[in-house]
Each structure stands twice: as C-alpha cells, then as structure tokens.
Amino acid sequence: MATAPLAKGANLPVDAPAVRAELSWSEGPGVPDVDASALLLTAAGRVRDDGDFVFYNQPQHTSQSVTHRGKQQAGGRYTDSVEVLLNSLGPDIERVVLCASADGGTFGQVPGLSLRLLDAATGGELARFDMEATTETAFVGGELYLRGGRWKFRAVGQGYASGLAGLATDFGIAVDDSPPSPSPTPPAAPAAPSPAPAAPTQPPAAPQAPASPAPTPAPAPQAPFAAPPPAPYPPAAPAAAPPAPGTHPAPAPAAPPAASGGPRLVKGEENLPVDMRKRLSLRKEQVAISLRKHGAADVSARVIIVLDASGSMTRLYAQGVVADVVERMAAVAAELDDDGAMQAWTFASHPARLPDLLLGDLPEWLRLHVRVGQLALFRPRKKRKGLENGQVDMRTVGIQNEEQKVIAEVRAYVRENPAPDPTLVLFFSDGGVYRNAEIERELREAVEEPIFWQFVGLGAADYGVLERLDSLGGRRVDNVGFFSVDDISGLPDPQLYDRLLSQFPAWITAARRARIL
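These numbers come from a predicted model, not from an experiment.

### Quick notes on the overall build of the chain
Item 1. Looking only at helices and strands, one finds nine helices and 17 strands in the chain.
Item 2. Counting only residues that meet the buried cut, the chain has 54% of its 517 residues in that class.
Item 3. Within the chain, residue pairs in contact and separated by at least 24 positions form 76% of the contacts whose partners lie at least 6 positions apart.
Item 4. When the accessible surface of the chain is totalled, it reaches about 21,100 Å², and 53% of it is carbon and sulfur.

### Topic: the layout of surface pockets
Item 1. Counted as a void, the second largest pocket has a volume near 520 Å³.
Item 2. Asp49, Asp50, Gly51, Gly311 and Ser312 are the residues nearest the centre of the second largest pocket, which is lined by 25 residues in total.
Item 3. Grouping the amino acids of the lining of the second largest pocket by side-chain chemistry returns seven nonpolar, 13 polar and five charged.

### Here's the deal with the sheet that holds strand 13 (residues 342–347)
Item 1. Pairing in this open sheet of six strands is mixed, and the strands run 14-13-12-15-16-17 from one edge to the other. A strand with exactly one partner marks an edge of an open sheet, and here the two such strands are strand 14 (351–357) and strand 17 (480–485). Taking each pair of neighbouring strands and ignoring which way they run, the sheet shows an average axis angle of 20 degrees.
Item 2. Relative to strand 17, strand 16 (residues 451–458) is paired through six bridges, and the arrangement is parallel.

### Here's the deal with empty space enclosed by the protein
Item 1. One pass over the full model with this rule turns up three cavities of 30 Å³ or more.
Item 2. Considering only enclosed or pocket space, the largest cavity measures out at about 70 Å³ in volume.
Item 3. Of all the secondary structure elements, the ones that give two or more residues to the lining of the largest cavity are strand 2 (18–26), strand 3 (33–41), strand 7 (95–103) and strand 10 (138–147).
Item 4. Here the residues of the lining of the largest cavity sort into ten nonpolar, two polar and no charged.

### Focus on the pairing of strand 14
Item 1. Across five bridges, strand 13 lies against strand 14 in antiparallel orientation. When the sheet's bridge partners are listed, alanine 344 is paired in strand 14 with leucine 354.
Item 2. Taking the residues that link successive antiparallel strands as the turn, the strand 13-strand 14 hairpin has three residues.

### Considerations on the packing of aromatic side chains
Item 1. Enumeration according to the criterion identifies eleven aromatic pairs in this entry.
Item 2. With a centroid separation of 4.6 Å and 15 degrees between ring planes, the pair formed by phenylalanine 53 and phenylalanine 55 is classed as stacked. Taken individually, phenylalanine 53 and phenylalanine 55 each receive the classification buried, so the pair is uniform in this respect.
Item 3. Between phenylalanine 504 and tryptophan 507, the aromatic rings sit 6.0 Å apart at their centres with planes inclined by 15 degrees, giving stacked as the arrangement. Residue phenylalanine 504 and its partner tryptophan 507 are located together in helix 9 (residues 504–513), separated by three residues, close to a single helical turn.
Item 4. Residue phenylalanine 504 is classed as buried on the basis of its relative accessible area of 0%.
Item 5. Joined through ring pairs, the aromatic side chains of Phe53, Phe55 and Tyr56 make up one cluster.

### Notes on the sheet that holds strand 2
Item 1. Pairing in this open sheet of five strands is antiparallel, and the strands run 5-6-2-8-9 from one edge to the other. Of all strands in the sheet, those bounded by a partner on one side alone are strand 5 (66–74) and strand 9 (125–130). In this sheet, neighbouring strand axes are inclined to one another by 20 degrees on average, regardless of whether the strands run parallel or antiparallel.
Item 2. Relative to strand 6 (residues 77–85), strand 5 runs antiparallel, the two sharing eight bridges. Each bridged residue has a counterpart across the sheet, and for glycine 70 the counterpart in strand 6 is serine 81.

### Side note on the packing of helix 2 (residues 274–293) against helix 8 (residues 493–500)
Item 1. Taken N-terminus to C-terminus, the directions of helix 2 and helix 8 make an angle of 45 degrees; their axes are 9 Å apart at the nearest point. Relative to helix 8, helix 2 is oriented oblique. Here helix 2 and helix 8 pass one another in a crossing that is right-handed. Across from Arg283, Gln286, Val287, Ser290 and Lys293 in helix 2, the residues of helix 8 making contact are Asp493, Pro494, Tyr497 and Asp498.
Item 2. Residue composition of the contact of helix 2 with helix 8, by class: three nonpolar, two polar and four charged.

### Re the side chain of serine 429
Item 1. Assignment of secondary structure puts serine 429 in strand 15 (residues 423–429).
Item 2. Look at serine 429 and you get buried, because its relative accessible area is 3%.
Item 3. Excluding anything up to four places from it in sequence, serine 429 contacts Asp308, Met313, Asn401, Glu403, Val456, Gly457, Leu458 and Tyr463.

### Considering the confidence of the model for the chain
Item 1. Residues at a pLDDT of 70 or more form 80% of the chain, whose mean pLDDT is 83.
Item 2. For the stretch residues 178–262, pLDDT sits under 50, and the model shows 178 contacts to residues farther than four places along the chain or on other chains.

### Focus on the side chain of aspartate 493
Item 1. Within the secondary structure, aspartate 493 sits in helix 8.
Item 2. Taking relative accessible area as the criterion, aspartate 493 reaches 1% and is therefore assigned buried.

### Considering the pattern of salt bridges
Item 1. Under the counting rule described, the total for this entry stands at 34 salt bridges.
Item 2. One salt bridge connects arginine 411 with glutamate 442, and the closest N-O pair in it is separated by 2.7 Å. A residue pair is termed long-range when its members are at least 10 positions apart, and arginine 411 in helix 6 (residues 403–416) and glutamate 442 in helix 7 (residues 436–445) qualify at 31 residues.
Item 3. Glutamate 442 gets classed as buried once you look at its relative accessible area, which sits at 15%.
Item 4. One salt-bridge network, held together by shared partners, links Arg279, Arg283, Asp324, Glu327, Arg328 and Asp493.

### Observations concerning the environment of leucine 316
Item 1. In this fold, leucine 316 is placed in helix 3 (residues 314–318).
Item 2. Dropping the residues within four chain positions of it, leucine 316 is found in contact with Val321, Val322, Asp430 and Leu458.

Rules of the game
Residues numbered from 1 in each chain as written. Predicted model: local features only at pLDDT ≥ 70, side-chain atom pairs only at ≥ 80, totals over all residues. Heavy atoms only, no water. Helix = DSSP H or I, 4+ residues; strand = E, 2+ residues; numbered from the N terminus. Buried < 20%, exposed > 50% of the residue type's maximum accessible area, 1.4 Å probe, protein only. Contact = heavy atoms within 4.5 Å. Areas by Shrake-Rupley, 256 points an atom, 1.4 Å probe, with all protein chains shown as cover. 1 Å grid on protein atoms, 1.4 Å probe; cavity = no way out; pocket = protein on both sides within 12 Å on 5 of 7 lines; lining within 4 Å. Points joined across faces, edges and corners; volume = space filled by probe spheres on them. Nonpolar A, V, L, I, M, F, W, Y, C, P; charged D, E, K, R; others polar. Pairing = 2+ DSSP bridges. Axes fitted to C-alpha atoms, helices over the stretch in contact; angles between N-to-C directions. Phe/Tyr/Trp six-rings, centres within 6.5 Å; stacked < 30°, edge-to-face > 60°. Parallel < 35°, antiparallel > 145°, perpendicular 65-115°, else oblique. Left-handed = near helix turned anticlockwise from the far one by under 90°. pLDDT = per-residue confidence, 0-100. Salt bridge = Lys/Arg side-chain N within 4 Å of Asp/Glu carboxyl O.

Okay, here's the thing in structure tokens:
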C-alpha cells in the first residue's frame, strides 16, 4: 500500500526489524548514472573507518547489517537499493545515512527522483520522499536514526555540489580519486634480524608508504536541513599531507659466485644491492635449516604469496612491514623453487594478480607492487594516470576483506597451470575475517588439490575460521596452517621460518599417502 509522501524534514517511527531503502528515477536520454549508498555513523556523526561506507564497490558491511542490493530496471524506471538490518547494527551505530550520487551529470538531469523505505520482509511501503535537485551531484536522501531506543526515518533531501567524495569526506571517509604521483623514487626494504652473526651492514631506507587517501574538501551544504538531525552534519575534513618520498639505493655490482658449500646462487641474485644480497644469503641458509629440522631437506615447491591490501593494513604498508615480509619470503622461494620466482596476488574487496616476483627484480618489484588498496567512489572507466607498467590500479582492489575471492582465484590458477611440484601459498593478513562460511567452503574444496595454505596473521585481530581450521573434521588431509604474531618485523628469521615451514612437510607426506600428490 502506497503512503502519502513525506515533506522535507518530516520523520516517522520504524518498527520493522529490516528495511530496504529504494532509490528510484525515470530513464531517459542524457540521464547520468545514479548509485545508492549508505554511511554508518556513531553518535559523533562520523564513521569509525572507511569500512562503514557501503556502496557498489564495497557492497556489504563486515557486520552484514547493511548491504547494497544493486540496480534493477522495469517499466521505464530504475531502482538502486540498500538493505539495513536494524537489529544487527553494532551498539555504537546510531545513524545510517542513505545517500545517492550522480556520475556523468547532476541530479537536476535525473527525472522523477524518489526515495522509498520498504519493509524488507513484506515489501510494504513504510515511507516515500520525492526529491528535487538542480546542480547537485550527491544527495542525502534520508536517514535512519536511533532516538530513545527506537529507530526512526527522516526525509532529508540535502544536496552536495561537491559530489559523493565531498559528502563522504564530510562524514570521515578518506577518499583518494586523484592520480598517483608519477615515478616515485624506489625505496629498499628494511633489514630483518639475522639468523647468525654477520658483518654489519647499513640497513636501507624503509619503503615509501602508499599515498594515504586524501579527503577532497567539500563546500558547505547548499541548504540547511528542514529539521535538525540527531547529530549535526560535520564540516569537511582537511586534506592530509602526503609522506615525503624515500630514496632508492643504486644497484650494486654483481657479486662473485658463492663459495662451495654456501647458499645456492639463484638466477638474478647477483643483480641485487649488496646489503639485500647478504640478507638473502643468510635467510636462504636459515630456510634450509628449518626444512632439515622437519625432514624436508630435498623438498621443492612452487611458492605463491598473497598480500592483504585492505584498509586496515595501511599502517603496515606505510611502515615498510609488508615490504619486509615480501623480502623475507623471497628467501623461501629461492630455496624451494628452482627459478626462485614467486607468483603473487593482492586482495581486499577484489583480488588482483601481480607480476611474478623474480629475485633479481626484488627492489623494483617492492617499489611498484607493494601497495595498499584504495577506496574508489566511481567505477574506473580508464587506466589511472601515473601508473607504471604492470602496476594494478588499486581502486579496483578496494579496502574490504574478501579472502574467499582470492583463495578461489589462486585455486583456479593452480588448476590451469599444473606443476610437477606441490604449491605452497604464503597468505598474509591482519585479520578482520568475516566471510567465514565462504572461506571454509573454499579451503575444504581445496583439500583434494596439490596446495598447502599457510596463513600468517599480522597482529592480534579477528581471524575467524582461519584459527579453527586445524580442529575441523571431514578433511582427508590437513591442508591449512595458521599462526599470528603481534610484530612480525621483530620476529627473528629462525623463528619465522620454523613456524612458517613446520606443517608443510607433514602435509606433503599425508598428501602423498592420500595420492593427492
């Protein structure tokens, strides 16, 4: 049953436990692309982090309480909707702002713009608000807010000429839709603790942090709300200053071949800077020691590295922790794989295959490809300016945790590219796991495949199902290992490699008995 349209500023109570906010408009020539979105706010009127923004490129909140349902077309009308489970919102969320954005034009070019609030269970209309606009490219159509322990809906109708980026930054979202700086100076990875005494070396500079998302300043809203919201709309956040670029040591001359009995020289190793080559030599020896401890001195494997690029990893990228991890894992590939190469993936909301890491290219690979995901408000229509050859546009990767997607992509790669040796996947993440059922399903299905998944947690966060896989039954072999460390940079190489390689040899034995290998 249709309801009478609300006036701007009007409000009404919402008794349904789950609602769907449906944005609709008429189709026609020259109508811009319109998208619905939602912001989850605390009592301070700000998001807690970028994960509290739900839109087409980040379609579900980690709490699963808010979901972007996507567009539909029927009868000359378009709809785009967001579903909200009010009873599932966290206790610190007191408002859900229902937004809209126009890409390629203004809302003055969008005919018949309307926001309906529906009971998600029955589809019944709870409220309707017809909106008018002129030059705005972003809109706050309405909001759900908590008042006296009860949820209510308010018709807002506030336009932003600064677009969705301006609207989002007003509520604390860090947005970077500007092109990256062209050709940044490549830094080197930091030195890690040595497994044995060695001649002191000068550690190289920490890698340059990816440019932190810089908010786009937004002008003040064009008109005040007809009625004051439960908390005032905040002023635009100031732009963050980018970090100073690092420096890149010049490649050192090739070193003489290793002496008999020393670590095996891998192709390209002689091209590395001297300090990096010394660290690699010591680490390869330590990897060999760890393998011998576990009775796997002669084991060979294809090594794949997977790097979490979600928004919560920003600090670890900025401090050079991730680059240091990659350098330390290069020693594992050098010792296990004949050519010392690693296939590599990055992931957040979506996975992306990175160029293979060849040992001789390690400094440049770290500079080009160790990068955190970015929040992109609109669908990228063309390659981002400033990207160098082979670099992934990190706007397409996003900032949310979707481990199951990259697990599926790595599985497909192994199936389509069979190798004589088993595959060891080194998977690094700082947690925030919430797709537990999907991750478990992928890893259970992978039991019959020649892959061992070694997950490493970077910090004491929520790792969900990854922490429980060792105790899950119904698998012919245990194909997953997991451990977490609060500070991986402070973990000495001997301990890191012992923990990293402790379960892989046992899996090889079990997989051979089960004829998986």
